[in-house]
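# Results of the structural survey
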Amino acid sequence: MIINSITKSVAKINGLSRAAGWRGLSSASGPRVCVVGGGPAGFYTAQQLLKARQDTLVDIYERLPVPFGLVRFGVAPDHPEVKNVINTFTQTAHHERCSFHGNVNVGKDVSVEELRQAYHAVVLSNGAEANRPMGIPGENLSGVFAAKDFVGWYNGIPANKELCPDLSCETAVILGQGNVALDVARILLSPLEMLKTTDITQHALNALAGSGIRRVLIVGRRGPLQIACTIKELRELGNLPNSRAEMLLGDFEGIEETLKDLPRPRKRLTELLMKAVNGGDNKAEKSWSFRFCRSPVEVLAGADGKRAAGIRLALNNLEGSGENARAVPTHQLEDVNCGLIISSIGYKSIPIDPAVPFDHRRSVVPNDMGRVHDTPGLYCSGWVKRGPTGVIATTMNDSFDTARVILQDMETGQLDLSIKKPGAQAISSLLQTRGVRTVLFSEWEKINTEEERRGKPHGKPREKLLDVEEMLQIAWS
Amino acid sequence: MAASSAVRASVTFTQRFVRVFPDCSICPLHRLNLCTGSAGASFSAPSVSASGDCQKEDTQEQVVHVVFIDRSGRRKSVKAKVGDNALYLAHKHGIDLEGACEASLACSTCHVYVKSEFCDKLPAPEEREDDMLDMAPMLQENSRLGCQIILTPELDGIELTLPKVTRNFYVDGHVPKPH
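What you see is a predicted model; the values in this text were computed from it and never measured. (Residues numbered from 1 in each chain as written. Chains lettered and ligands numbered in written order. Predicted model: local features only at pLDDT ≥ 70, side-chain atom pairs only at ≥ 80, totals over all residues. Heavy atoms only, no water.)

## A closer look at the overall build of chain B
Helix and strand content of chain B: six helices and five strands. When its helices and strands are written in sequence order, chain B yields α-α-α-β-β-α-β-α-α-β-β. Within chain B, buried positions represent 44% of all 179 residues. Considering only residue pairs separated by 6 or more positions, chain B has 61% of its internal contacts joining residues 24 or more positions apart. With the model as given, the accessible surface of chain B reaches about 9500 Å², and the carbon-plus-sulfur share is 56%. (Helix = DSSP H or I, 4+ residues; strand = E, 2+ residues; numbered from the N terminus. Buried < 20%, exposed > 50% of the residue type's maximum accessible area, 1.4 Å probe, protein only. Contact = heavy atoms within 4.5 Å. Areas by Shrake-Rupley, 256 points an atom, 1.4 Å probe, with all protein chains shown as cover.)

What follows is the structure, given as C-alpha cells:
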C-alpha cells in the first residue's frame with residue numbers, strides 16, 4: 001500500500017535528492033534490482049547485472065555503515081593481497097547505475113516484502129552472521145569463543161570489540177581444521193613484528209603482545225585426509241618463525257600409500273602435512289599441532305567453576321574414506337588442559353525476515369540455482385544460498401551464476417519489466433519516515449580516509465573504527 | 001546518449017574507471033607499472049636495431065599473437081607485445097577474466113587453460129602459483145594463472161581458454177543482449 005502511494009507521488013517528493021546517489025539518469029525504464037548485503041556476494045552479483053545490460057539499476061543495502069563484509073572482517077590481517085578485491089568492489093559502487101546504502105538493517109528497518117514491491121528483483125546476499133554451536137556442556141564458560149567472534153575481535157567487527165579474550169594461558173585448543181582455524185592459530189603464534197604493520201585492531205595487538213600462549217592444538221573430528229584448510233594456509237603455519245610443528249607420526253599410518261591416487265590439491269596438501277611430522281626447530285619457543293579423530297564432548301571448568309581449564313575429547317573411528325569419510329565416536333575419552341578454546345566449526349546463516357523461506361536444517365535460504373523457492377522475484381547468492389564454505393573465488397562464481405539466472409528471467413519475461421518500479425526513491429522515503437538515515441558510498445569513503453589517517457602514525461594501512469556511532473558521525477560530518 | 005552507450009558497451013569493466021579525469025592510483029595497470037599510457041597501443045615504438053635492420057621487421061618481432069577463447073567458446077585474436085601480462089591483456093580486450101587479487105597470487109580467479117603445445121614454453125609455476133591453482137575449479141594439466149603468464153616471442157600464437165566454471169552457463173553460449 002505504502003509503496004504504491006509513494007510511487008504515485010515520487011515526482012512530488014523533492015527531499016529525495018539524497019536517494020539519488022546516481023548521477024541524474026534519465027532512463028528510468030530499465031530493470032531495478034536490489035541487493036541485500038554489501039559483501040563479496042552482493043558486489044559480485046551487482047557487477048554482473050550492471051555489465052550484462054546497459055539499463056539495469058542496482059542498489060546495494062548493507063546493515064553496517066561500512067561495506068565489504070568478510071573481506072573486511074574475515075580475511076586475516078596478514079593477507080592484505082586477498083583484500084585487493086575491494087578495488088573491484090569500489091569500482092562497482094562508483095558505477096553510475098549502482099548505489100550503495102549503508103546503515104540499513106533489512107528485516108528491521110525495511111522488510112523484504114517492501115523491497116520486493118519497490119524492485120523488479122531482490123537478491124539476498126546477506127551471508128552467515130551466526131556460528132554453529134558445539135552443543136556441549138561448558139560451552140558458555142569464560143575462555144570459550146566462537147572463531148567468528150575471535151576473528152571479529154582482531155578484525156574490528158563492532159559487535160566483538162568488548163570480547164577481551166584472556167590470553168594468559170599456555171595452551172589454546174582450536175576445534176576445526178579449516179582455513180579459519182588456521183588463521184586463528186597463525187594470529188596466535190605470529191611474532192608481533194609481523195602483525196604490527198597490518199590492519200589488525202590495536203586492542204588485539206596489545207592483547208597479543210602480552211599473550212602467554214605457546215602451544216596451539218588444532219583438533220579435527222576426522223583424519224589427515226579430511227582437513228578442510230587449503231595449502232597456502234598450512235604452508236604459512238609451517239613458515240612461522242619461532243614455531244615448530246608437533247605432529248604424531250601414528251596419525252599418518254597408511255597415508256603414504258594412498259597419496260598417488262589422490263587428486264592433485266589433496267595430494268599436495270597431504271604431502272605438506274606429512275613433512276611437518278618431522279617437527280622443525282627444537283629451539284622454537286612455540287608449537288602448533290594437528291590432532292585428528294577427536295570431537296569435543298565437554299568443556300571442563302577450573303576450580304572456580306567459571307573459567308575453562310580444559311576440554312574433554314572423544315576419540316573417533318573413521319568409516320569410509322576420502323571426502324565422505326564419517327567420524328564415529330568411541331567411548332574413549334581424552335582430557336586436554338587449556339585456557340583458551342576456540343570453536344571453528346562453521347559459520348551459520350540465520351533468517352532475517354519471517355516472510356523469506358528458510359531451511360533450518362541446512363541453515364540456508366532454499367533455492368533452485370539462486371531462485372528462492374515459492375517466491376518469484378527473490379533470489380540469493382553467496383553463503384546464504386550455498387552454505388558457509390569456500391573462498392572469495394567460490395562466492396564470485398556463485399554470484400555470477402545467480403546474476404545469470406536473474407538476467408535469464410529478465411529475458412524470458414519471468415520478471416515482468418514492463419511494470420514500473422520506483423526503486424531506491426521509494427525505499428529511501430520509507431526509511432526517512434522511520435528515522436533511518438543511510439550512509440552513501442562517498443560517506444563510507446570519509447570513514448575510509450579517517451581509518452587510513454589513524455593507521456599512518458602506527459605504520460598500519462588503517463586503524464579500523466570500532467564504534468558504529470563514531471562511523472556514522474564521521475560519515476555524516 | 002546512444003553513441004555513449006555504444007562506447008560503454010564495448011568498454012570492459014576494468015576500464016570504466018578511465019573517465020574524463022582518470023584516477024591512475026586505483027588502476028591495476030598503473031600499480032603494476034604495466035600502463036602503456038594510452039588505451040589502444042599494442043605495439044611499442046619501432047626501434048632501429050644495432051645492425052640497422054629495417055624498422056618494419058623490428059616491429060614484427062615485438063608482436064605476440066594471442067587467442068583468447070572465452071567462456072562461451074568464442075575466439076578472440078589479439079595482438080600483444082613481448083612483456084605483456086595475459087591477465088591485463090585480457091582486460092584490455094574485454095575478455096571476461098577476473099583478477100580479484102590483482103596479480104598477487106592470492107586467488108585463482110584468473111585461471112586459464114593453456115593450449116598444450118605452449119605449456120612447456122612457459123616457465124614452470126612457482127609453488128605459490130601451484131597453491132592457488134589447487135583451489136581453482138576444474139583444474140587440468142594445462143591450467144595456469146593468467147596473471148603469471150608474461151608473453152615472450154616463443155609464445156606467439158598461444159591460445160588461452162577460460163574455464164566454464166559456473167554451473168549455470170547457457171548451454172548454447174547465448175549471451176543476453178541489452179535491450
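On we go from here.
## Regarding the overall build of chain A
Scanning chain A from terminus to terminus reveals 17 helices and 18 strands. Its C-alpha radius of gyration of 24 Å places chain A within 12% of the 23 Å reference for a compact globule of 477 residues. Taken over the C-alpha atoms alone, chain A extends approximately 75 × 50 × 40 Å along its principal axes. Burial statistics for chain A: of 477 residues in total, 58% are counted as buried. Restricting to contacts in chain A with at least 6 residues of sequence separation, those with at least 24 account for 75%. Charged side chains of chain A number 57 positive and 53 negative; the gap between the two group centres comes to 3 Å. (Rg over C-alpha atoms; globule rule 2.2 N^0.38 Å. Lys, Arg positive; Asp, Glu negative; His and termini not counted. Charge placed at Lys NZ, Arg CZ, Asp CG, Glu CD.)

## Considering the pattern of salt bridges
The tally for this structure, following the rule as stated, stands at 47 salt bridges over all chains. Across the pair A:Lys148 and A:Asp149 runs a salt bridge, and its minimum N-O distance is 3.1 Å. Look at A:Lys148 and you get buried, because its relative accessible area is 15%. Taking the relative accessible area as the measure of exposure, A:Asp149 reaches 19% and is therefore buried. Notably, a salt bridge pairs A:Asp409 with A:Arg371, separated by 2.7 Å at the nearest N-O pair. Of the two residues, A:Asp409 sits in helix H14 (residues 392–412) while A:Arg371 sits in strand S17 (residues 371–372), which places them 38 residues apart along the sequence. Under the relative-accessibility criterion, A:Arg371 is labelled partly exposed at 28%. Because the salt bridges share partners, they merge into one network encompassing A:Arg235, A:Arg264, A:Arg268, B:Glu127, B:Asp130, B:Asp131 and B:Asp134. (Salt bridge = Lys/Arg side-chain N within 4 Å of Asp/Glu carboxyl O.)

## Some words on the environment of A:Gly377
Residue and element names in this part refer to chain A. Along the polypeptide, Gly377 turns up in the loop between S17 and strand S18 (378–380). Spatially, the C-alpha atom of Gly377 lies 9.7 Å from that of Gln117, the residues being 260 residues apart in sequence. The contacts of Gly377, once residues within four sequence positions are left out, are His120, Ala121, Val122 and Leu415.

## So, the sheet that holds strand S2 (residues 75–81) of chain B
All names here are of chain B. Spatially, the five strands line up as an open sheet ordered S2-S1-S5-S3-S4, and their pairing is mixed. At either end of the open sheet lies a strand with only one pairing partner, and these are S2 and strand S4 (143–145). Direction aside, the axes of adjacent strands within the sheet are offset by 35° on average. The sheet contact formed by strand S3 (residues 111–114) and S4 spans three bridges and is antiparallel. Each residue of the ladder has a partner; that of His111, found in S4, is Leu145. (Pairing = 2+ DSSP bridges. Axes fitted to C-alpha atoms, helices over the stretch in contact; angles between N-to-C directions.)

## Quick word on the packing of aromatic side chains
All names here are of chain A. Within the structure shown, the criterion is met by 16 aromatic pairs over all chains. Measuring from ring centre to ring centre gives 5.2 Å for Phe150 and Trp153, while their planes differ by 45°; the resulting arrangement is tilted. On the criterion of helical spacing, the pair formed by Phe150 and Trp153 is a turn pair, its members being three residues apart in helix H6 (residues 147–155). Each member of the pair, Phe150 together with Trp153, is buried. For the pair Trp288 and Phe290, a centre-to-centre distance of 6.0 Å together with 75° between the ring planes defines the contact as edge-to-face. Of the residues examined, Trp288 reaches a relative accessible area of 2% and is grouped as buried. (Phe/Tyr/Trp six-rings, centres within 6.5 Å; stacked < 30°, edge-to-face > 60°.)

## Observations concerning helix H10 (residues 231–238) of chain A
Counted residue by residue, H10(A) has six buried out of eight residues, so it is predominantly covered. Of the positions making up H10(A), those classed as buried are A:Ile231, A:Lys232, A:Glu233, A:Leu234, A:Arg235 and A:Leu237. Buried positions along H10(A) lie against helix H7 (179–189), strand S8 (215–219), helix H12 (264–275) and strand S10 (286–291) of chain A together with helix H6 (127–133) of chain B.

## Some details on the pairing of strand S13 (residues 326–337) of chain A
Successive residues of a regular strand alternate their side chains across the two faces of the sheet. All names here are of chain A. For strand S12 (residues 308–319) and S13, the ladder comprises nine bridges, and the chain directions are antiparallel. Counted as the bridge partner of Gly310 is Asn337 from S13. A loop of six residues connects S12 with S13, the two strands running antiparallel in sequence, and Gly320 in this loop sits at a positive phi of about 85°.

## Some words on the nonpolar core
Residue and element names in this part refer to chain A. Core analysis: the largest hydrophobic core is formed by 53 residues, its most contacted members being Tyr154, Leu188, Val216, Met247, Trp288, Phe290 and Leu340. Here this core gets seven residues from one element, more than from any other, and that element is H7. Filtering out sequence-adjacent residues up to four positions away, Leu188 remains in contact with Phe150, Leu167, Ala172, Leu208, Ile213, Val216 and Leu340. (Core = buried A, V, L, I, M, F, W, Y, C linked by side-chain atoms within 4.5 Å.)

## Details of the packing of helix H2 (residues 40–52) of chain A against H14(A)
Residue and element names in this part refer to chain A. Where H2 contacts H14, the two axes come as close as 8 Å, and the packing angle between them is 45°. Considering their axes alone, H2 and H14 lie oblique with respect to each other. Handedness of the crossing formed by H2 with H14: right-handed. The segment H2 lies against H14, with Pro40, Ala41, Tyr44, Thr45, Gln47, Gln48, Leu49 and Ala52 engaging Ile392, Thr395, Met396, Ser399, Phe400, Ala403, Ile406 and Leu407. Of the residues that constitute the contact of H2 with H14, the class distribution is 11 nonpolar, five polar and no charged. (Parallel < 35°, antiparallel > 145°, perpendicular 65-115°, else oblique. Left-handed = near helix turned anticlockwise from the far one by under 90°. Nonpolar A, V, L, I, M, F, W, Y, C, P; charged D, E, K, R; others polar.)

## Digging into the side chain of A:Glu62
All names here are of chain A. Positionally, Glu62 belongs in the loop between strand S2 (57–61) and helix H3 (69–73). Arg63 provides the closest opposite charge to the buried, salt-bridge-free Glu62, at an N-O distance of 5.6 Å. Among residues more than four places away in sequence, those in contact with Glu62 are Gly37, Gly38, Gly39, Pro67, Phe100, His101, Gly102, Asn103 and Val104.

## Concerning the pairing of S3(B)
Residues and elements named next belong to chain B. By the alternation rule, side chains of S3 split into His111 and Tyr113 and Val112 and Val114, which are all buried. Pairing geometry for S3 and strand S5 (residues 158–161), over two bridges, is antiparallel. Residue pairing for S5: Tyr113 is matched across the bridge by Thr161.

## Let's talk about the confidence of the model for chain A
Per-residue confidence for chain A gives a mean pLDDT of 94; residues scoring 70 or more make up 94%. Note that residues 14–27 of chain A has pLDDT below 50 and, in this model, 27 contacts with residues that lie over four places away or in other chains. (pLDDT = per-residue confidence, 0-100.)

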